[in-house]
Amino acid sequence: MTLVKVHTCSKCGGALEVNNELQRYECPFCGISYDYAYFQKKVVLEMADSSLHAEDFPFAEKRYLFALKKEPHDPRLLQGRILSRAKFSSVEKTLSIPDLVGVDYPSVERALNTAEKNAFPEDKEYFETLHSAFRTAEELEEIRKEKSGIESEIKVDHDAIEIAECNGVFRSILDSI
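We now turn to the structure provided with this report. Predicted model only: the values in this text are computed from it and were never measured.

What counts as what
- In this convention, every chain numbers its residues from 1, walking through the sequence in written order.
- Totals for whole chains, interfaces and linings use every residue, but because this is a predicted model, local features are given only for residues with pLDDT of at least 70 and side-chain atom pairs only at 80 or more, for both listing and counting.
- Hydrogens and water are ignored here; the side-chain numbers use all heavy atoms of the structure.
- The numbering of helices and of strands both runs from the N terminus, where a helix is a DSSP run of H or I of at least 4 residues and a strand a run of E of at least 2.
- Buried means the residue's accessible area, taken with a 1.4 Å probe over protein chains only, is under 20% of the maximum for its type, while exposed means over 50%, and partly exposed covers the values in between.
- Being paired, for any two strands, means DSSP has found at least two bridges between them.
- With axes taken as lines fitted to C-alpha atoms, and helix axes fitted only over the stretch in contact, angles between N-to-C directions fall between 0 and 180 degrees.
- A 3.5 Å cut-off defines polar contacts: any pair of N or O atoms within that distance qualifies, except that in protein one atom must be a possible hydrogen donor and the other a possible acceptor, and neighbouring residues in sequence count only when both atoms are side-chain atoms.
- Residues count as neighbours in contact if any of their non-hydrogen atoms are within 4.5 Å of one another.
- The span you would expect from a helix comes to 1.5 Å times its residue count less one.
- A 1.4 Å probe that fits but cannot get out identifies a cavity on a 1 Å grid over protein atoms alone, an open set with protein on both sides within 12 Å along at least five of seven lines counts as a pocket, and a residue lines either if it has an atom within 4 Å of a point.
- Grid points are joined across faces, edges and corners, and a volume is the space filled by probe spheres set on the points.
- In this classification, Asp, Glu, Lys and Arg are treated as charged, Ala, Val, Leu, Ile, Met, Phe, Trp, Tyr, Cys and Pro as nonpolar, and every other residue, Gly included, as polar.

Some remarks on unusual backbone geometry
Reasoning step 1: If you check the backbone angles, E55 has positive phi at about 65 degrees while not being a glycine.
Reasoning step 2: As for its position among the elements, E55 is in the loop between helix 1 (36-53) and helix 2 (57-70).
Reasoning step 3: You can call E55 exposed: its relative accessible area is 52%.
Reasoning step 4: Despite not being glycine, K87 shows a phi value in the positive range, around 65 degrees.
Reasoning step 5: With respect to the helices and strands, the residue K87 is situated in the loop between helix 3 (75-86) and helix 4 (97-100).

Set out below in structure tokens:
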């Protein structure tokens, strides 16, 4: 059994008919028509978004990249690619620096650079700010690693001092015997 997807008119909600000769969908009720590409993009975007929400990040990124070949400036596609690279299922994860810590920054940076370069002028500030947030999270992660290393050194030094103090106490006890 073959499944046929019925596309509906965004103006009146009527079922669209296929005009193979013109390669268009036409609404018999209100007369509006759509290119095949309109629905192809819509289907690809739906697949990418559902893959992202299902946390199938490699597939989501492939779909976003496919759509970006045709529309390299589309902010939703650029954002989706960044989210799939960061392994985030929703944009809400990008709202807090602590949520960005631990992301594979070099992997995400490539998508961020592409978004900044290709975004429409009115969207550039958003992608620059997002890039800055990821950079800040990367710096925070480096600071945390450095702090952890220093704390480990301090612990080792503290343990060495305790051992030295214990040895001094034992020596004084031995000396008094």
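Digging into the sheet that holds strand 3 (residues 33-35)
Reasoning step 1: Spatial strand order, 1-2-3: 3 strands in an open sheet with antiparallel pairing. The open sheet terminates on both sides in strands that have one partner only, identified here as strand 1 (17-19) and strand 3. Strand-to-strand twist of the sheet, defined as the mean angle between neighbouring strand axes without regard to direction, takes the value 30 degrees.
Reasoning step 2: Direction of pairing for strand 2 (residues 24-26) relative to strand 3: antiparallel, over a ladder of 3 bridges. When the sheet's bridge partners are listed, R24 is paired in strand 3 with D35.

Observations regarding the side chain of S51
Reasoning step 1: In this fold, S51 is placed in helix 1.
Reasoning step 2: Of the polar contacts made by the side chain of S51, one reaches the backbone oxygen of M47; its length is 2.9 Å.
Reasoning step 3: Sequence-distant contacts of S51, that is, excluding residues within four places in its chain, are made with D56, F59 and A60.

Digging into the environment of F134
Reasoning step 1: Within the secondary structure, F134 sits in helix 6 (residues 121-176).
Reasoning step 2: Note: C-alpha distance between F134 and I97 (37 residues apart in sequence) is 7.4 Å.

Some details on helix 3
Reasoning step 1: Given a rise of 1.5 Å per residue, 12 residues ought to cover 16 Å, and the 16 Å separating the end C-alpha atoms of helix 3 matches this to within 8%.
Reasoning step 2: With 9 of 12 residues buried, helix 3 lies mostly within the body of the structure.
Reasoning step 3: Taken as a whole, helix 3 has its buried residues at L77, L78, G80, R81, I82, L83, S84, R85 and A86.
Reasoning step 4: A distance of 2.8 Å separates the backbone nitrogen of R76 from a side-chain oxygen at the start of helix 3, and that oxygen is part of D74.
Reasoning step 5: After helix 3 finishes, the residue K87 shows a positive phi value of roughly 65 degrees.

Re empty space enclosed by the protein
Reasoning step 1: Under the criterion given, the structure shown has 1 cavity of 30 Å³ or more.
Reasoning step 2: The volume enclosed by the largest cavity comes to roughly 30 Å³.
Reasoning step 3: Looking at the lining of the largest cavity, the element that brings in the most residues is helix 6, giving 4 residues.
Reasoning step 4: Its residues assigned to classes, the lining of the largest cavity comprises 6 nonpolar, 1 polar and 2 charged.

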